Amino acid sequence: MTRQLETISEPSGVEPISDAEAERAFRTILKWIGEDADRDGLRETPNRLVRSFREYFSGYEEDPAQVLRKTFSEVEGYDEMIVLRGVTFESHCEHHLAPIIGRVWVGYIPHRRVVGISKLARLVEIFSKRLQIQERLTAQIANTIDDVLKPAGVAVVVKAAHHCMISRGVHKRGADLVTSRMLGVFRDQPATRSEFLSLVNADTTEQRV
Ligand SMILES: [Zn+2]
């Protein structure tokens with residue numbers, strides 16, 4: 001009966017897992033693949049993995065909306081497109097924990113308020129440092145800008161290589177997945193959308209992701 005009450009007051013997944021526990025789990029996996037987890041080269045590996053995973057998934061600790069809250073309103077009525085081009089990111093797919101390596105193009109047309117350009121890069125960083133699928137990463141970046149800045153429009157294009165299809169599965173190299181989300185004037189006005197997309201295409205004909 002008591003246990004039941006505890007279960008209700010502590011929803012599953014909230015209980016923190018210690019670093020030591022995570023290290024033990026990595027050690028188990030090393031043994032599972034047939035390795036001697038105690039040999040010199042591997043002794044520190046579980047600990048290194050814990051530290052690496054902290055970095056890969058540091059995006060859970062931050063509130064992406066908060067990053068965009070500091071805005072500048074003295075923009076002399078600037079209402080043209082602002083584009084941050086080809087921001088690199090590294091993420092991990094939620095199906096295989098395999099790396100997703102790519103670039104993001106973020107454009108918006110402000111309505112009274114703009115943010116420092118580094119904040120847009122920060123937003124990409126926070127969402128990519130979580131388990132992801134590319135479609136959701138794309139939507140989250142666009143939706144957050146839309147929700148917080150309330151601009152006239154937002155456009156986000158993501159191009160990325162998925163290591164879950166390079167180093168496993170179908171084993172295909174050199175293929176990018178391209179996803180986009182267009183909101184406001186980018187959705188409604190073809191000329192605005194194509195101006196943005198021509199910037200994206202100009203960047204990607206010169207260099208691959
Ligand atoms: Zn995957």
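Right above here is the structure, for reference.
Along each chain, the written sequence defines residue order, and numbers are assigned to residues from 1. Only residues with pLDDT of at least 70 are given local features in this predicted model, and only at 80 or more are side-chain atom pairs given and counted; all residues enter the totals for whole chains, interfaces and linings. Processing note: side-chain calculations cover all non-hydrogen atoms of the structure and skip hydrogens and water entirely.

K.L.:
Requested: an account of the overall build of the chain, with residues and values cited.
P.N.:
For helices the rule is a DSSP run of H or I covering at least 4 residues; for strands it is a run of E covering at least 2, with both sets numbered from the N terminus onward. For the chain, the helix and strand inventory stands at eight helices and seven strands. Along the longest, intermediate and shortest principal axes, the C-alpha atoms of the chain span 60 × 50 × 30 Å. Note on exposure labels: buried denotes an accessible area under 20% of the residue type's maximum, exposed denotes more than 50%, and partly exposed covers the range between, all computed with a 1.4 Å probe on protein chains only. By the burial criterion, 37% of the 209 residues in the chain qualify as buried. Of the roughly 12700 Å² of accessible surface on the chain, a fraction of 52% belongs to carbon and sulfur atoms. As used throughout, the charge tally considers Lys and Arg to be positive and Asp and Glu to be negative, leaving His and the chain termini uncounted. Charge positions are represented by NZ for Lys, CZ for Arg, CG for Asp and CD for Glu. Side chains of the chain give 29 positive and 30 negative charges; the mean places of these two sets differ by 3 Å. Using a 1.4 Å probe, accessible areas were evaluated by the Shrake-Rupley method; residue-level cover was limited to the displayed protein chains.

K.L.:
Report on the environment of Thr88, specifying residues and quantitative values.
P.N.:
Following the sequence through the fold, Thr88 ends up in strand β2 (residues 82-93). The class of Thr88 is partly exposed, set by a relative accessible area of 46%. Sequence separation between Thr88 and Gly102 is 14 residues, and the spatial gap between their C-alpha atoms is 5.8 Å. Setting aside its immediate chain neighbours within four residues, Thr88 contacts Gly102 and Arg103. Every residue pair with non-hydrogen atoms within 4.5 Å of one another is taken to be in contact.

K.L.:
Please give an account of the nonpolar core that cites residues and values.
P.N.:
Ile141 and Ile145 are the most contacted members of the largest nonpolar core, which has 31 residues in total. Put simply, the parts of the chain that give this core at least two residues each are β2, β3 (99-109), β4 (114-115), α5 (117-128), α6 (134-149) and β6 (153-162). Counting residues per element, this core draws most heavily on α6, at six residues. Apart from the residues within four sequence positions on either side, Ile145 is in contact with Leu68, Val106, Tyr108, Leu120, Leu123, Lys150, Pro151 and Val154. In this text, buried Ala, Val, Leu, Ile, Met, Phe, Trp, Tyr and Cys residues form a nonpolar core when linked through side-chain atoms within 4.5 Å. Of all hydrophobic cores here, the second largest spans ten residues; its members include Trp105, Ala155, Met182 and Phe196.

K.L.:
Any chance you could break down the side chain of His92 for me, citing the residues and the numbers?
P.N.:
Its place among the elements puts His92 in strand β2. Since its relative accessible area comes to 9%, His92 is described here as buried. The residues touching His92, leaving out its near neighbours within four places in the chain, are Tyr56, Phe57, Leu97, Ala98, Pro99, Ile100, Ser128, Arg130, Leu131 and Gln132.

K.L.:
Could you give an account of the coordination of the zinc ion, naming the residues involved and the relevant values?
P.N.:
Donor atoms: N, O and S within 2.8 Å of the metal, or within 3.2 Å for Na, K and Ca. Because water is excluded, sites can look incomplete. Around the zinc ion, the protein contributes the donor atoms Cys93 (SG), His96 (ND1) and Cys164 (SG), at 2.2 to 2.4 Å from the metal centre. Site description for the zinc ion: donor spacing in sequence, C-x2-H-x67-C. One end of the pair, His96, is in the loop between β2 and β3; the other, Cys164, is in the loop between β6 and β7 (177-184), and 68 residues separate them in sequence. Residue classification places His96 among the partly exposed residues on the basis of a relative accessible area of 37%. Taking relative accessible area as the criterion, Cys164 reaches 14% and is therefore assigned buried.

K.L.:
Run through the packing of aromatic side chains, naming residues and quoting values.
P.N.:
Only centres within 6.5 Å qualify two rings of Phe, Tyr or Trp (six-membered ring in Trp) as a pair; their planes then separate them into stacked at under 30 degrees, edge-to-face at over 60, and tilted for everything else. In total, this model carries five aromatic pairs according to the counting rule given. Between Phe26 and Phe53 the ring centres are 5.0 Å apart and the planes differ by 70°, which places this aromatic pair in the edge-to-face class. Linking Phe26 in helix α2 (residues 19-32) with Phe53 in helix α3 (residues 45-56), this pair joins segments that are 27 residues apart in sequence. Taking the relative accessible area as the measure of exposure, Phe26 reaches 16% and is therefore buried. On the numbers, 5.6 Å between centres and 55° between planes, the contact of Phe53 with Tyr56 is tilted. In this pair, Phe53 and Tyr56 are both assigned in helix α3, three residues apart and thus about one turn of the helix distant. Members of the aromatic cluster, connected to one another through ring pairs, are Phe26, Phe53, Tyr56 and Phe57.

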